[in-house]
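# Observations on the three-dimensional arrangement
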Amino acid sequence: MNREKYVFFLDVDGVITDEFARVDTLLLSDLERLQKDGHRFIFVTGRSLNWMENNVFPHLNSPNGFTYVCEYGKVISHAGEISVEGRIPQNVEDRVKKNVGSLFGVFFDQTKKTLVTIEADHAVAKMHPDKVEASLQKAERMLDAVAEGLNMDVIRSTFAVDMVKKGTNKEEAGRKALAYVIPSRKIIVVGDSPRDLDMTKPLRASGIPHEFYFVGKKLGFEPTQPNQFKTEAGYSEGLREVLTAKGLYEDKARRKNKLA
Ligand SMILES: [Mg+2]
């Protein structure tokens, strides 16, 4: 088999997780198998490395075979080597923590090193979506006030609000991830938010061949370029669709038949 080998930039939330925000562990073993076949997977996420260690590592045989570009590129783990750039000052963290306690259904993410994240409790958000949304909006306004004068930005996503150093975003994360690609390989970027498209900016700027896949039915993205696509299915099923389109995915039943 002499198939083309790819490098994948994968967003984490909504891409390797299911609709209940649970990591798709079966998919992870497929990614590991594909990595053995010579493809490379780089996770590019706002999540902390600690979160990856708790939620992804336990489902992999060799977690250090993957590259993790976490906290929008400020915390990177590659081949087990970890680098951290710019920790959040303690007094800023304390100030935010004090204000989060009173908000319904959201919590302060203790695992982040270089950014502040206020996140929804997914179980509570399922039962009281409107109340949790109201809390996230309050959190966003609170962080906006803290960020002012600190040279920081506030980024809102579906289930979280992040406060980051200015210029910290998926574009910067994509630029960081570029250090770990294999030259001359096509890069497949997969995300579930229009902001994930920013990962492709450094690739476009450097003339690196790439494709962008938007997984999911969520509103907010329509392909405008010939190398941009939208999957039918959402969440990790959407990523399966991408892998299938690239000829990399066979479902379990088919694999079993082949072995039999
Ligand atoms: Mg996402």
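Note that the structure is a prediction, hence the values are computed from the model and not measured.

Reading the values: rules and limits
Residues numbered from 1 in each chain as written. Predicted model: local features only at pLDDT ≥ 70, side-chain atom pairs only at ≥ 80, totals over all residues. Helix = DSSP H or I, 4+ residues; strand = E, 2+ residues; numbered from the N terminus. Rg over C-alpha atoms; globule rule 2.2 N^0.38 Å. Buried ≥ 20, exposed ≤ 12 C-beta atoms within 10 Å, placed from the backbone. Contact = placed C-beta atoms within 7 Å. Pairing = 2+ DSSP bridges. Axes fitted to C-alpha atoms, helices over the stretch in contact; angles between N-to-C directions. Core = buried A, V, L, I, M, F, W, Y, C linked by C-beta atoms within 7 Å. Parallel < 35°, antiparallel > 145°, perpendicular 65-115°, else oblique. Left-handed = near helix turned anticlockwise from the far one by under 90°.

### Some details on the overall build of the protein chain
Broken down by element type, the protein chain carries nine helices and twelve strands. Computed over the C-alpha atoms, the radius of gyration of the protein chain is 19 Å, within 12% of the 18 Å expected from 2.2 N^0.38 for a compact globule of 260 residues. The buried share of the protein chain, taken over its 260 residues, is 37%. Residue pairs at least 24 apart in sequence account for 62% of intrachain contacts in the protein chain once pairs closer than 6 positions are excluded.

### Things to note about the pairing of strand β8 (residues 152–157)
Relative to strand β9 (residues 160–165), β8 is paired through six bridges, and the arrangement is antiparallel. Its bridge partner being in β9, I155 is matched across the sheet by D162. Counted along the chain from β8 to the antiparallel partner β9, the turn is two residues long.

### Describing the sheet that holds strand β2 (residues 40–44)
Here eight strands make up an open sheet; going across it, the order is β5-β4-β3-β2-β1-β10-β11-β12 and the pairing mixed. Two strands bound the open sheet, and with one partner strand each, they are β5 (81–84) and β12 (228–230). If you compare each strand with its neighbour and ignore which way they point, the axes differ by 15° on average.

### Observations concerning unusual backbone geometry
The backbone of A21 sits at a positive phi, close to 65°, despite the residue not being glycine. On the neighbour-count criterion, A21 (17 C-beta atoms within 10 Å) is partly exposed. Although it is not a glycine, Y235 adopts a positive phi angle of roughly 55°. Residue position: Y235 is located in helix α8 (residues 235–245).

### Regarding α8
Buried residues of α8: Y235, S236, G238, L239, R240, V242 and L243, and no others. For α8, the elements touching its buried residues are α1 (25–36), β10 (186–191) and β11 (210–214). Looking one or two places after α8, you find G247, whose phi comes out positive at around 75°.

### Description of the nonpolar core
Formed by 59 residues in total, the largest nonpolar core has its most connected members in L10, F43 and V190. Of all the elements, strand β1 (residues 6–10) adds the most residues to this core, at five residues. Apart from residues lying up to four places away in sequence, V190 is in contact with F8, L10, D11, V15, Y213, V215, L239 and V242.

### Some points on the sheet that holds β8
If you walk across this open sheet you meet the four strands as β6-β7-β9-β8, and the pairing is antiparallel. Looking at strand neighbours, the two that pair on one side only are β6 (106–108) and β8, the edges of this open sheet. Ignoring which end each strand starts from, the neighbouring axes of this sheet average 20° apart. Note that strand β7 (residues 116–120) and β9 share four bridges and pair antiparallel. Along β9, the bridge assignment pairs V116 with M163. Against the sheet, helix α3 (residues 90–100) touches β6 and β7, its axis set at about 155° to β6.

### A short note on the packing of α3 against helix α5 (residues 129–147)
At their nearest, the axes of α3 and α5 sit 11 Å apart, and the two run at 155° to each other. For the element pair α3 / α5, the angle class is roughly antiparallel. Regarding α3 and α5, the two cross each other, and that crossing is right-handed. Counted together, V92, R95, V96, N99 and V100 of α3 and A139, M142, L143 and V146 of α5 form the full contact between these two elements.

### Brief notes about the pairing of β11
Most of β11 is tucked away, with five of its five residues classed as buried. Residues H210, F212 and F214 point to one face of β11 and E211 and Y213 to the other, with burial holding for every one of them. One ladder, built from five bridges, connects β10 with β11; its direction is parallel. Looking at the pairing, I188 lines up with E211 of β11.

Such coordinate-based values are descriptive only and should not be taken to indicate function.
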